[in-house]
Amino acid sequence: MARQVKRAFKYRFYPTDEQAAELSRTFGCVRLVYNKALEQRTRAWYGEQRRISYVQSSAALTQWKKTGELAFLAEVSSVPLQQALRHLQTAFANFFAKRAKYPRYKSRKRSRASAEYTRSAFTWRDGQLTLAKMAQPLGIRWSRPLPKGAEPPTATVSRDTVGRWFVSLLCQDTIAPAPATTAAIGLDVGVTSLVTLSTGEKVTNPRHERRDRVRLARAQRELSRKAKGSANREKARRRVAKVHARIADRRRDFLHKLTTRLVRENQTVVIEDLTVRNLLKNGHLARAISDAAWTELRSMLEYKCAWYGRELVVIDRRFPSSKLCGNCQTVREKLPLNVREWRCDCGTAHDRDVNAARNILAAGLAVSACGDGVRPQRESSRTGRSSVKQETQRATAGIPRL
């Protein structure tokens, strides 16, 4: 059965000088309103223990526009400014619900320059997008078609650190489920091999950052020699940003192709719940782990499995996938990272990564058969152990030998 989802379609566009100037002013006003509203909320909360609602922030924005100091806020479209206040409201809601940290101020240099327009602030006619305060439509390069009859409710315009302009259109899309299959796959992520499959296939890590490391180092050295605030420093900064953007684009493209293939070919995908944030504390492996982008890989698998009617099973991170013998179910006490192949007392020789992938698949199928949740649950305050961990230990007692 086809699934209705909200999907963002991102395109690059090339603005005219007038459009670029208008959007740059809008970006600055959005950042200013967000930071000023955040400052007001912070002062009220820590000084008076009082919360400020979105309605109060919106009323304050109206008053700011009437002052001589901030009268320029009325020169740009009011919709992106109101959307900035709504985003701040969402950030505080997540903070008070303990889903996120306290909201941070938007930096001119580090934060992404963006503005969100709702339907009342742009015109969508004959496949052309015209934003408020602009006389001409944006020069969008349509790299792929929008869904038939799509009427985007929001359009988010952004500019990256390289200076490229993008517009993201949120549309309702119909996604047909992938053809049913009985295949199941287990994934073990790594550094040398980005992904090792339970079939024995190893997907080599492209190491996009390492391939451009010399170019990146040269650009960073040139940047360090430029005087701060000079035009040459800005040019050098853009060269560094261009290398980073090239690395990120190639990495994202590779992960999209890999995850799409895995989801199309398999009905069930089993992965391990890794705490990448803790693994990054290892100074020797942090750079390689960041380049591998395990978190982005999992994120893509999650939403693509949901889109195409596949099942994603996540087993507990404490499951000894590498140290467990897939033949006799014996768990080895120690297995250092430099040991890539080992032999069990039962005589079975194991490739560390392939054995881990097969154990992950078997544990995931056992947990799925028991009807437990896909995602690991929070640890119980009484036992200190997660439900999926307990279920995994019960289920893996009967893991089929691979």
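Please read these numbers as outputs of a predicted model, since none were measured by experiment. (Residues numbered from 1 in each chain as written. Predicted model: local features only at pLDDT ≥ 70, side-chain atom pairs only at ≥ 80, totals over all residues. Heavy atoms only, no water.)

### Focus on empty space enclosed by the protein
In this approach a probe as big as a water molecule rolls over the atoms, and the regions it shows empty are the leftover space.
Next up, step 1: Under the counting rule described, the total for this entry stands at one cavity of 30 Å³ or more.
Next up, step 2: Approximately 40 Å³ is the volume found for the largest cavity.
Next up, step 3: As for the largest cavity, its lining consists of T260, V263, R264, K304 and Y308.
Next up, step 4: Element by element, the count of residues in the lining of the largest cavity is highest for helix α6 (residues 231-265), at three residues.
Next up, step 5: Grouping the constituent residues of the lining of the largest cavity by class yields two nonpolar, one polar and two charged. (1 Å grid on protein atoms, 1.4 Å probe; cavity = no way out; pocket = protein on both sides within 12 Å on 5 of 7 lines; lining within 4 Å. Points joined across faces, edges and corners; volume = space filled by probe spheres on them. Helix = DSSP H or I, 4+ residues; strand = E, 2+ residues; numbered from the N terminus. Nonpolar A, V, L, I, M, F, W, Y, C, P; charged D, E, K, R; others polar.)

### Side note on the UniProt feature "domain: Cas12f1-like TNB" (unreviewed entry) in the chain
Next up, step 1: Per the UniProt record, "domain: Cas12f1-like TNB" (unreviewed entry) is found at residues 294-360.
Next up, step 2: Along residues 294-360 one finds 34% helix and 16% strand; the C-alpha atoms at either end are 16 Å apart. (UniProt positions renumbered as here; feature names shortened; annotations may be inferred.)

### Notes on the nonpolar core
What tends to happen in soluble globular proteins is that the nonpolar side chains get buried as a cluster.
Next up, step 1: Of all hydrophobic cores here, the largest spans 45 residues; its most connected members are L23, L129, L131, V157, V167 and L169.
Next up, step 2: Considering every element that reaches this core, the biggest residue donor is helix α1 (residues 17-48), with nine residues.
Next up, step 3: Not counting residues within four places of it along the chain, the set of residues in contact with L23 comprises F13, Y117, L131, M134, V157 and W165.
Next up, step 4: Of all hydrophobic cores here, the second largest spans 24 residues; its members include V263, V269, I271 and V276. (Core = buried A, V, L, I, M, F, W, Y, C linked by side-chain atoms within 4.5 Å. Buried < 20%, exposed > 50% of the residue type's maximum accessible area, 1.4 Å probe, protein only. Contact = heavy atoms within 4.5 Å.)

### Notes on the packing of α6 against helix α9 (residues 294-307)
Next up, step 1: As a packed pair, α6 and α9 sit with axes 10 Å apart at the nearest point and diverge in direction by 45 degrees. If you check the angle between α6 and α9, you find them oblique. Considering how the two elements wind past one another, α6 and α9 form a crossing that is right-handed. Between α6 and α9, the contacting residues are R251, R252, L255, H256, L258, T259, T260 and V263 on the first element and E296, L297, M300, L301, Y303, K304 and C305 on the second. (Axes fitted to C-alpha atoms, helices over the stretch in contact; angles between N-to-C directions. Parallel < 35°, antiparallel > 145°, perpendicular 65-115°, else oblique. Left-handed = near helix turned anticlockwise from the far one by under 90°.)

### Digging into the domain arrangement of the chain
Next up, step 1: Split by domain assignment, the chain resolves into domain 1 (3-175) and domain 2 (184-206 + 253-370).
Next up, step 2: Each of domain 1 and domain 2 has a C-alpha centre, and these two points are 38 Å apart. (Domains from an automatic or database assignment.)

### Some points on a positive patch on the surface
Next up, step 1: Together, K101, R104, R277 and K281 give the surface a local cluster of positive charge.
Next up, step 2: Note that K101 resides in the loop between α3 (78-96) and β2 (113-118).
Next up, step 3: You can call K101 exposed: its relative accessible area is 73%. (Patch = residues over 30% accessible without salt bridge, like charges linked within 9 Å, V, L, I, M, F, W, Y side chains within 5 Å. Areas by Shrake-Rupley, 256 points an atom, 1.4 Å probe, with all protein chains shown as cover. Salt bridge = Lys/Arg side-chain N within 4 Å of Asp/Glu carboxyl O. Lys, Arg positive; Asp, Glu negative; His and termini not counted. Charge placed at Lys NZ, Arg CZ, Asp CG, Glu CD.)

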